[in-house]
Amino acid sequence: CFVATAADQVATQPKRDWLKKAGRLVWTKRWVVLRTDSIAYYASNDEQHAYMPLTVYPLDWLLDARAVSPSVTNSFEPHCFELRMAAASGRRKRKRTVLFAADSKEQR
């Protein structure tokens, strides 16, 4: 379960799976890797792209991880969760919410 693991920051082995990530207009399938210190997502899970993440978020930035209902996200994805983060940007903190969807409740 990505939500519980990210919120508790207890992953000792990296947790990896395909999830859908919400973009501005569409959901895109991403390879997501949760480590003890970060969460990263990739366009692919093949060896050629193993060291080229699209984005890496340190878990120090994580404010909250929670399941959200599809009605809140205005989507047809039934197993959504969000990660709320605060990133230091110059002198001020910038907040960001990243929305993911899993294929099943257990995967979420």
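Below is a short write-up of the structure.

Rules used in this analysis
Residues numbered from 1 in each chain as written. Predicted model: local features only at pLDDT ≥ 70, side-chain atom pairs only at ≥ 80, totals over all residues. Heavy atoms only, no water. Helix = DSSP H or I, 4+ residues; strand = E, 2+ residues; numbered from the N terminus. Buried < 20%, exposed > 50% of the residue type's maximum accessible area, 1.4 Å probe, protein only. Contact = heavy atoms within 4.5 Å. Areas by Shrake-Rupley, 256 points an atom, 1.4 Å probe, with all protein chains shown as cover. Pairing = 2+ DSSP bridges. Salt bridge = Lys/Arg side-chain N within 4 Å of Asp/Glu carboxyl O. Phe/Tyr/Trp six-rings, centres within 6.5 Å; stacked < 30°, edge-to-face > 60°.

**Notes on the overall build of the chain**
Along the backbone of the chain there are 2 helices and 7 strands. When each of the 108 residues of the chain is scored for burial, the buried share is 39%. Intrachain contacts of the chain at a sequence separation of at least 6 include 37% that bridge at least 24 residues. Accessible area of the chain: about 7000 Å², with a carbon and sulfur share of 48%.

**Quick notes on the pairing of strand E2 (residues 27-34)**
Here 8 bridges tie strand E1 (residues 15-22) to E2, and the two strands are oriented antiparallel to one another. Of the residues in E2, the one forming a bridge with Lys-21 is Thr-28. Two elements, E2 and strand E3 (residues 38-42), share 4 bridges in a ladder whose sense is antiparallel. For Leu-34, the partnering residue across the bridge sits in E3 and is Ile-39. Count of turn residues in the E2/E3 antiparallel hairpin: 3 residues.

**A short note on the pattern of salt bridges**
The final tally for this structure, using the stated rule, is 4 salt bridges. Residue Arg-66 pairs with Asp-64 through a salt bridge whose shortest N-O separation is 3.9 Å. Of the charged contacts, one joins Arg-84 and Asp-64 as a salt bridge, the two residues approaching to 3.8 Å between their closest N and O atoms. Of this pair, Arg-84 sits in strand E6 (residues 80-89) while Asp-64 sits in strand E5 (residues 62-68); the two residues are 20 residues apart in sequence, bridging distant segments of the chain. When its relative accessible area of 27% is taken as the criterion, Asp-64 is described as partly exposed. Residues participating in the shared-partner salt-bridge network are Asp-64, Arg-66, Glu-82 and Arg-84.

**Thoughts on the packing of aromatic side chains**
Each aromatic ring pair is characterised by the separation of its centres together with the angle its planes make. Under the defined criterion, the tally for this structure stands at 3 aromatic pairs. Relative to Trp-31, the ring of Trp-18 lies with its centre 5.4 Å away and its plane at 65°, an arrangement referred to as edge-to-face. On the criterion of sequence distance, the pair formed by Trp-18 in strand E1 and Trp-31 in strand E2 is long-range, its members being 13 residues apart. By relative accessible area, which is 25% here, Trp-18 ends up partly exposed. Measuring from centroid to centroid gives 6.2 Å for Tyr-41 and Phe-100, while their planes differ by 80°, and the two rings are edge-to-face. With Tyr-41 in strand E3 and Phe-100 in strand E7 (residues 92-101), this residue pair connects regions lying 59 residues apart in the sequence. For the pair shown, Tyr-41 and Phe-100 are each scored as buried. Every member of this aromatic cluster is reached through a ring pair, and the members are Tyr-41, Phe-81 and Phe-100.

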